[in-house]
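# Remarks on the overall topology
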Amino acid sequence: MSVRLGARGVSRAFGAVRANQGVDVEVRAGTVHAVVGENGAGKTTLMRILYGLDQPDSGTVVIGDRPVRLRGAADGIANGIGLVPQELAMIGSLTLLENLVLGAEPRRGVRIDWARARAEAEELASDVGVELPWTAVADTVSISVRQQTEILRALRRGADVLILDEPTAALAPAQVDDLLRLLRELRDAGRTVVFISHKVDEVLAVADEITVMRGGKVITTRRADAVDRAELIELIVGEHVRTTGFVPSAVIGDEVLTVDGDVALSVRAGEIVGVAGIAGSGQDELVERVVGLRPAGGRITLSGKDITALAVDRRRAAGLGYISGERRAEGLSMDASLADNAIAGTHRAIGRRGWLAPSKVRRYAKRVLDSYSVRYGRLTAAARTLSGGNQQRVVIGRELDRAPALLVAAGPTRGVDVLGMAYIHDQLRALRDNGSGVLLVSEQLDELLELSDRIVVLHGGRVAGELPGGPESRTAVGALMLGRKAS
Amino acid sequence: MSYFDGVGSLLMRTRLVSLSLLSVVALVATGCASETAPQAPPKKAALVIAQGGLGDESYNDLAMSGFTASTKEKGVDGQKIESTDVVAQGDQLLRRAGTSGYGLVIDLEFSHGEILPGIASAYPNVQWAFLNNKINGPNIASVLFAEQDSSYLAGALAAMMTTQTGNPKINPDKKIGVIGGTKSVGIDKFLSGYIEGAKSVDKDVQVLTAYSNTFGDPTKGSQLAESMFQQGADIVYHVAGGTGAGVIEAAKKNNHYAIGVDDNQDKLAPGFVLTSVLKRSDLAVRKVVELYADGKFPGGQVINLGLKEGGVGLTDFEFTRNEIPESARTKVDELKKKIIAGELKVWNVIDQGYPSWMQG
Amino acid sequence: MSVFQGSNPGKYSRALTRVVRAAVPFVIALGLGGIVLLATGHNPLAFYQLLVREAFGGVDRIAATLSAATPLLFTGLATAIAFRAGVFNVGVEGGFVFGGLIAATVALQAGLLAGMVAGALAGVLVSALPGWLKARWNVDEVVTTLMVNFVVAGVTGWLVTTFLQAKGVANSATALIPQGSWLPDLLPPYGLTAGVLVALALVVLYAVWIKHSVLGYELRQTGLNPRFSAAQGIRVGRVIMVSMLISGAIAGLGGAVHALGVVHRFVDGFSPGYGFTGIAVALLGRNSAVGVALGAVLFGALASAGTTAQLFSDIPLDIVDVLSGTVMIFAVVRLWRQR
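Note that the structure is a prediction, hence the values are computed from the model and not measured.

### Considerations on the overall build of chain C
Counting secondary structure elements, chain C contains 14 helices and 0 strands. Against the globule reference of 20 Å for 339 residues, chain C gives a C-alpha radius of gyration of 21 Å, in line with a compact fold. Dimensions of chain C along its principal axes, counting C-alpha atoms only, are 70 × 60 × 30 Å. Each of the 339 residues in chain C was classed as buried or not, and the buried ones make up 57%. When the accessible surface of chain C is totalled, it reaches about 13,100 Å², and 71% of it is carbon and sulfur. Considering chain C, the positive charge centre built from 20 side chains and the negative charge centre built from 11 side chains are found 18 Å apart.

In structure tokens, the structure reads:
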């Protein structure tokens with residue numbers, strides 16, 4: 001196997017930040033090559049350089065064993081490289097077919113030959129074994145489908161190397177499986193795939209070779225079958241990560257939450273109850289009903305008090321905390337200051353006779369951010385300016401600092417890297433051990449199995465079953481998620 | 001955060017701003033230095049345009065034409081002043097005019113009536129002229145129009161026409177109409193005269209009346225006129241400014257007559273505007289400018305412009321002459337002479353209150 | 001994030017950036033106006049010099065400018081408060097007009113203070129229904145507030161030509177308010193009333209309130225991200241309603257101040273579109289207190305100077321319309337980019 005694409009001694013700095021330092025990578029033809037690392041390890045910078053979107057300060061890109069100079073994305077495309085970016089660049093109001101051929105439409109005379117475009121599209125899709133609703137408008141289809149369209153778009157432009165930047169970040173578990181299957185399909189058809197991720201399990205499942213980056217440098221490149229999960233995590237993080245594993249609750253008290261209706265469940269003090277289910281099984285509805293963002297059918301109690309008719313602020317006052325699954329849209333106000341984000345929901349308690357003393361606000365916000373290790377510059381900076389992991393710490397800090405009797409945590413580690421994830425898991429356990437109840441909703445089965453004392457599985461908007469936490473339940477939970485009876 | 005970004009555009013912006021700051025500083029510095037000193041000769045006159053502004057093809061435009069012509073003839077330095085907010089800016093505007101070397105300020109805006117006496121007494125060396133209302137003050141001249149007289153003639157003419165036979169624009173009904181812009185004495189002065197004139201010819205003639213409550217809505221005017229035509233009216237007089245354009249249009253569409261107001265509107269729909277009730281704001285302005293230029297400004301007095309002075313009147317039927325019987329035109333002339341001679345006194349709502357034919 | 005902000009995290013450079021950005025529309029307007037002036041054979045510098053003198057060149061002219069800015073301070077502030085809560089209220093014009101009519105009517109009977117209160121309440125009345133529709137049913141406020149403007153125009157036009165019309169007055173107007181019930185003049189005889197103090201006090205109050213009060217905090221958060229606010233327990237509907245009611249009250253009070261201070265009655269042409277200019281003021285001033293104050297003074301200066309400049313120059317009023325129109329277009333472009 002020869003080197004299809006690579007980097008030799010590539011360095012790139014942005015101001016004081018040295019994003020890449022002497023990076024050497026060799027991606028062999030016909031392999032899936034994963035580039036892994038924490039947020040900010042320099043993966044995206046490297047990929048932009050390999051594609052030609054960015055140029056190295058020193059060092060060179062290698063294509064087919066020869067050093068080349070890529071001056072722009074067009075050079076990358078000309079060399080058979082395709083990039084599927086993290087934020088998909090599609091035009092939402094156009095159909096998938098229109099997006100596919102955009103910029104390189106098959107023509108007959110001056111007119112676009114839509115029949116031929118459609119035929120090309122079908123052929124591409126069947127080659128890699130996917131089916132796409134070509135006439136659907138991009139805005140109306142799932143991210144997964146848009147991503148597949150984007151991949152086909154790169155293939156159509158003649159790419160035989162595909163670079164995918166964090167392609168699974170926004171996908172549900174079932175969709176992740178589909179994507180990984182597609183990547184294997186591409187490899188087996190002789191194409192080369194560069195796959196960027198910080199999710200260890202996905203990487204191990206699909207990659208032939210793995211390059212680990214940390215702090216802008218390549219730490220090592222290994223064959224996937226020559227490295228195990230724990231070792232890979234340690235390589236990524238650079239230190240031994242204390243993986244706690246499953247630790248069941250020691251003391252379980254009275255019910256802090258009961259929910260009636262289609263989805264009936266309860267959470268007791270000192271207990272983490274996990275909610276599992278494939279996306280759209282009723283998790284969102286459950287969370288919104290408990291938090292008070294959706295009118296509830298059925299009765300909901302919090303610490304024995306009927307809160308069915310209460311608004312969100314009253315529920316919060318009664319001891320509810322909420323980590324939203326959509327950090328950017330609901331968990332934080334991205335354009336508001338860190339201080340304003342930190343006091344949200346507590347602002348009425350901080351206020352005195354309707355006024356918020358600036359010193360008091362500052363003190364409160366500073367304490368919350370500091371005690372949850374948020375790295376920030378000024379309290380007046382917008383939440384947008386923080387990295388994703390730090391943003392989530394703001395949310396965690398805001399909600400946990402109130403020591404809620406019940407915490408509703410929806411996807412609390414979504415988009416957070418390995419270290420951050422361990423930190424958040426520890427925090428949730430600590431809250432539980434202090435006698436709070438936690439309702440944990442997550443798309444990550446591993447997370448649920450590791451943290452939950454009990455797991456409630458949803459299917460089709462109803463409770464399909466309930467199992468104890470811990471790794472032994474994996475198969476049974478997986479079966480219930482798909483609607484099969486647990487054996 | 002898109003197009004303002006980047007060092008380049010920032011540099012450009014900073015440069016732009018520093019440039020403009022410099023120029024503002026320069027403006028302020030030089031502006032304060034070159035304060036214009038009030039000069040005695042030549043005589044200067046200002047004309048304050050009323051609400052609606054220039055381009056109304058009526059009151060303001062007509063006054064402006066008189067102002068332009070007379071200041072030119074008399075060698076007076078004339079300046080017009082428009083404002084989008086002439087109601088609220090009245091005080092400051094007139095005061096500024098009082099301190100800017102103007103010897104005469106003519107104010108067309110009716111709502112300035114109350115503030116004018118105070119301002120005029122604060123600037124006793126300036127002569128002030130006001131139209132349409134009597135304002136007291138030793139250096140204020142008021143110009144009043146006898147619109148009731150001209151409206152009387154229009155009413156008489158309409159009453160004679162509506163009984164005419166053999167004219168396709170006239171129906172058998174003895175009905176005519178009038179549309180006022182708003183229910184107020186200033187407008188009812190016209191309406192009262194029109195009705196009185198019509199009744200004087202034939203007391204069985206029925207006069208339909210309506211108010212548009214707007215001076216700027218031709219659609220409303222058209223709707224009101226249509227409805228009057230349907231009720232049997234064949235001649236509709238409008239006293240409603242811009243709203244009247246719709247009345248004239250409706251007359252043309254329904255093959256009936258409209259009667260115009262203020263300016264000569266006969267030409268707006270030749271043959272369908274029976275006549276127009278002229279109110280010569282140009283003549284008023286011209287008269288004031290001339291008296292001022294000749295050093296005979298009638299401070300504290302009222303200038304009455306009636307039929308005799310030619311300040312009000314009817315048009316000369318340029319397009320409808322053939323449709324109006326000789327007898328009718330003679331009769332109108334007779335009435336006009338009687339009014340001028342003082343033999344006939346038309347009711348004036350402003351001085352006398354509402355007459356019996358306008359009760360209820 | 002711009003390079004500029006990244007490399008200069010200082011407070012002053014950020015402030016400078018904001019000032020520069022706010023000034024851009026005005027500078028472009030001056031440039032455009034200059035081109036028009038040159039093309040029509042006038043000297044732009046001389047004319048701008050005249051404008052500056054007529055706007056600020058003496059106590060009387062400053063009084064005139066502040067007087068012209070006063071209604072815009074009210075309408076700009078009323079608009080900004082609603083915008084801050086994410087409510088695109090374009091019904092301030094209606095509140096201003098209705099407040100003016102009611103204030104002028106009530107003051108006739110019950111005096112100055114009652115007139116002011118009644119005007120503010122009238123404004124509240126105008127904004128209450130669109131506010132409720134938005135808060136309860138999420139009905140698009142642009143449509144409802146715009147419609148309310150038409151309704152108010154119709155109702156006031158009808159009232160002032162029927163029940164409320166003064167006897168013996170030749171145009172559509174209410175009776176003249178007795179002098180005892182007028183807002184006092186600050187600088188007699190220059191016709192600057194205490195209304196400007198009321199407006200400025202409100203602007204200062206707004207600056208402190210929006211930043212440091214609990215309700216101000218909730219208003220800001222609702223405007224920035226309603227979904228976030230709801231999830232943190234802020235009652236978004238109530239905040240929207242409150243913002244609309246305050247907006248209406250300020251608009252109505254503005255109308256009252258205009259009626260009791262300047263016009264001394266309600267009359268046809270009471271507002272030449274102060275409410276709409278207020279939208280431009282709020283957009284230009286980015287809904288901040290200082291921005292609204294500067295924007296109102298800018299448009300006030302253009303209005304006062306543009307009118308009296310005609311006493312000294314043959315340049316028509318249209319050129320001033322070009323200036324303020326250009327500034328407004330830029331303000332609206334900004335809005336379009338925000339939405």
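### Examining unusual backbone geometry
You will see that Phe 317 of chain B, though not glycine, has its phi angle at about 55°, which is positive. Mapped onto the secondary structure, Phe 317 of chain B falls in the loop between strand 12 (312-314) and helix 10 (326-341). Judged by its relative accessible area of 9%, Phe 317 of chain B is buried. One non-glycine residue, His 264 of chain C, adopts positive backbone phi at about 65°. With respect to the helices, strands and loops of the structure, His 264 of chain C is situated in the loop between helix 11 (236-263) and helix 12 (274-284).

### Some details on the sheet that holds strand 22 (residues 462-468) of chain A
Backbone-to-backbone hydrogen bonds pair the strands of a sheet. The strands run either parallel or antiparallel. Residue and element names in this part refer to chain A. Pairing is mixed in the open sheet, where 6 strands are placed in the order 18-19-20-15-21-22. This sheet does not close on itself; its edge strands, each paired only once, are strand 18 (320-323) and strand 22. Strand-to-strand, the axes of this sheet are offset by a mean angle of 20°, without reference to chain direction. Helix 18 (residues 474-481) rests against strand 15 (271-276), strand 21 (454-459) and strand 22 of the sheet, and its axis sits at about 25° to strand 21.

### As for the environment of Thr 243 of chain B
All names here are of chain B. Here Thr 243 shows up in the loop between strand 8 (233-239) and helix 8 (244-254). Its relative accessible area of 0% is what places Thr 243 among the buried residues. Sequence separation between Thr 243 and Lys 220 is 23 residues, and the spatial gap between their C-alpha atoms is 6.8 Å. Polar side-chain contacts of Thr 243 include one of 3.1 Å to the backbone nitrogen of Asp 217.

### Examining the sheet that holds strand 17 (residues 305-306) of chain A
All names here are of chain A. Taken in spatial order, the 4 strands make up an open sheet running 14-13-16-17, and their pairing is antiparallel. Only two strands of the sheet have a single partner each, and these edge strands are strand 14 (265-268) and strand 17. Along the sheet, helix 9 (residues 283-291) makes contact with strand 13 (255-259), strand 14 and strand 16 (300-302), crossing strand 13 at roughly 120°.

### Side note on helix 5 (residues 143-156) of chain A
Residues and elements named next belong to chain A. For helix 5, built from 14 residues, the straight-helix expectation of 20 Å at 1.5 Å per residue is met to within 8% by its first-to-last C-alpha distance of 20 Å. Among the 14 residues in helix 5, 12 count as buried, and that is most of the element. Turning to helix 5, its buried residues number three or more, namely Ser 144, Val 145, Gln 147, Gln 148, Thr 149, Glu 150, Ile 151, Leu 152, Arg 153, Ala 154, Leu 155 and Arg 156. Phi turns positive, to about 90°, at Gly 158, one or two residues after helix 5.

### Concerning the interface of chain A and chain C
Contacts between the two partners involve 32 residues from chain A and, on the opposite side, 22 residues from chain C. Here chain A and chain C share an interface that buries about 2,300 Å² over both sides, 53% of which is from carbon and sulfur atoms. The tally of links from chain A across to chain C stands at 5 salt bridges. With a closest N to O distance of 2.9 Å, Arg 348 of chain A and Glu 218 of chain C form a salt bridge. Put simply, the parts of the chain that give the side of chain A that touches chain C at least two residues each are helix 10 (312-317), helix 11 (327-331), helix 12 (338-343), helix 13 (347-350) and helix 15 (388-400) of chain A. Classifying every residue of the side of chain A that touches chain C by side-chain character gives 12 nonpolar, 8 polar and 12 charged.

### Here's the deal with a nonpolar patch on the surface
On the surface, Val 59, Leu 186, Leu 187 and Leu 197 of chain C cluster together into a nonpolar patch covering about 320 Å² of accessible area. Here Leu 197 of chain C shows up in helix 8 (residues 195-212).

### Observations regarding the packing of aromatic side chains
One pass over the structure, following the stated rule, counts 8 aromatic pairs over all chains. Considering the side-chain rings of Trp 347 of chain B and Trp 357 of chain B, the 5.9 Å spacing of their centres and the 75° angle between planes classify their relative orientation as edge-to-face. On the criterion of sequence distance, the pair formed by Trp 347 of chain B in the loop between helix 10 and helix 11 (349-352) and Trp 357 of chain B in the segment after helix 11 is long-range, its members being 10 residues apart. The class for Trp 347 of chain B is partly exposed, based on a relative accessible area of 26%. Judged by centre distance (5.3 Å) and plane angle (65°), the rings of Phe 96 of chain C and Tyr 274 of chain C are edge-to-face. On the criterion of sequence distance, the pair formed by Phe 96 of chain C in helix 5 (residues 92-110) and Tyr 274 of chain C in helix 12 is long-range, its members being 178 residues apart. Each member of the pair, Phe 96 of chain C together with Tyr 274 of chain C, is buried. Through a chain of ring-to-ring contacts, the aromatic side chains of Phe 96, Phe 266, Phe 270 and Tyr 274 of chain C assemble into a single cluster. Sitting over the ring of Tyr 423 of chain A, Arg 393 of chain A keeps its end group 4.2 Å from the ring centre. The ring centre of Tyr 292 of chain B lies 5.0 Å from the NZ or CZ of Lys 43 of chain B, which sits over that ring.

### Topic: helix 9 of chain A
Along helix 9 of chain A, the residues classified as buried are Gln 283, Leu 286, Val 287, Arg 289, Val 290 and Val 291 of chain A. Following helix 9 of chain A by one or two positions, Gly 292 of chain A has its phi on the positive side, about 105°.

### A closer look at the pairing of strand 11 (residues 302-305) of chain B
Residue and element names in this part refer to chain B. Only one face of strand 11 is buried: it carries Ile 303 and Leu 305, and the other face, with Val 302 and Asn 304, is open. Judged from the 4 bridges that link them, strand 5 (residues 140-145) and strand 11 form a sheet pairing that is parallel. Note that in strand 11 the partner of Val 143 across the bridge is Ile 303.

### Digging into the pairing of strand 2 (residues 77-81) of chain B
All names here are of chain B. Bridge count between strand 1 (residues 44-48) and strand 2: 5 bridges; the pairing is parallel. When the sheet's bridge partners are listed, Ala 46 is paired in strand 2 with Gln 79. Of the crossover connections in this fold, the one passing from strand 1 over helix 2 (residues 59-74) to the parallel strand 2 is right-handed.

### Comments concerning the domain arrangement of chain A
Residue and element names in this part refer to chain A. Domain parsing of chain A yields domain 1 (3-237) and domain 2 (255-319 + 402-481). Once you take the C-alpha centre of each, domain 1 and domain 2 turn out to be 35 Å apart. With 9 residues of domain 1 in contact, the opposing surface of domain 2 contributes 8 residues. Around 820 Å² of area is buried between domain 1 and domain 2 when both sides are counted, 59% of it from carbon and sulfur atoms. Summed over the shared surface of domain 1 and domain 2, the number is 0 residue pairs in polar contact (both at pLDDT 80 or more). Here the side of domain 1 that touches domain 2 is built from residues that sort into 5 nonpolar, 2 polar and 2 charged.

Cut-offs applied
Within every chain, residues take consecutive numbers counted from 1 along the sequence as written. By the order in which they are written, chains take letters starting at A while ligands take numbers starting at 1. Under the rules for a predicted model, residues below a pLDDT of 70 receive no local features and side-chain atom pairs below 80 are neither given nor counted, while totals for whole chains, interfaces and linings still include all residues. Here the side-chain values reflect all heavy atoms present in the structure, with hydrogen atoms and water set aside. Note on conventions: DSSP H or I runs of at least 4 residues are helices, E runs of at least 2 residues are strands, and numbering of each starts at the N terminus. Values of the radius of gyration come from C-alpha atoms, whereas the globule rule sets the reference at 2.2 Å times the count of residues to the power 0.38. Accessibility here uses a 1.4 Å probe with only protein chains present; expressed as a share of the type maximum, an area under 20% marks a residue as buried, one over 50% as exposed, and anything in between as partly exposed. Each accessible area is a Shrake-Rupley result for a 1.4 Å probe, and residues are judged covered by the shown protein chains and nothing else. In this charge count, Lys and Arg are treated as positive and Asp and Glu as negative; neither His nor the chain ends contribute. Lys charges are placed at NZ, Arg charges at CZ, Asp charges at CG and Glu charges at CD. Strand pairing follows a simple DSSP-based rule, namely that at least 2 bridges must link the two strands. Note on definitions: angles span 0 to 180 degrees between N-to-C directions of axes, and those axes are lines fitted to C-alpha atoms, for helices only across the stretch in contact. Contact criterion: two residues are considered in contact whenever any of their non-hydrogen atoms come within 4.5 Å of each other. Polar contacts, as used here, are pairs of N or O atoms within 3.5 Å; protein pairs need one atom able to donate a hydrogen and one able to accept it. Residues neighboring in sequence count only if both atoms are side-chain atoms. One less than the residue count of a helix, multiplied by 1.5 Å, gives the span that helix is expected to have. By convention, the term buried area covers the 1.4 Å-probe accessible surface removed from two parts as they join, with the contributions of both added. For this analysis, a salt bridge means a side-chain nitrogen from Lys or Arg found within 4 Å of a carboxyl oxygen belonging to Asp or Glu. Polar here means any residue other than Ala, Val, Leu, Ile, Met, Phe, Trp, Tyr, Cys and Pro, which are nonpolar, and Asp, Glu, Lys and Arg, which are charged; Gly is therefore polar. Residues enter patches when their relative accessible area tops 30% and they take part in no salt bridge; the joining distance is 9 Å for like charges and 5 Å for the nonpolar side chains Val, Leu, Ile, Met, Phe, Trp and Tyr. The aromatic pairing rule takes the rings of Phe, Tyr and Trp, using the six-membered ring of Trp, and pairs them if the centres are within 6.5 Å, calling planes under 30 degrees apart stacked, those over 60 edge-to-face and the rest tilted. A ring is considered to have a charge above it if a Lys NZ or an Arg CZ atom is located within 6 Å of its centre and within 35 degrees of its normal. Looking down the strands as they point away from the viewer, one classifies a crossover as right-handed if the path from the first strand across the helix to the second runs clockwise. Marked domain ranges trace back to an automatic or database domain assignment.

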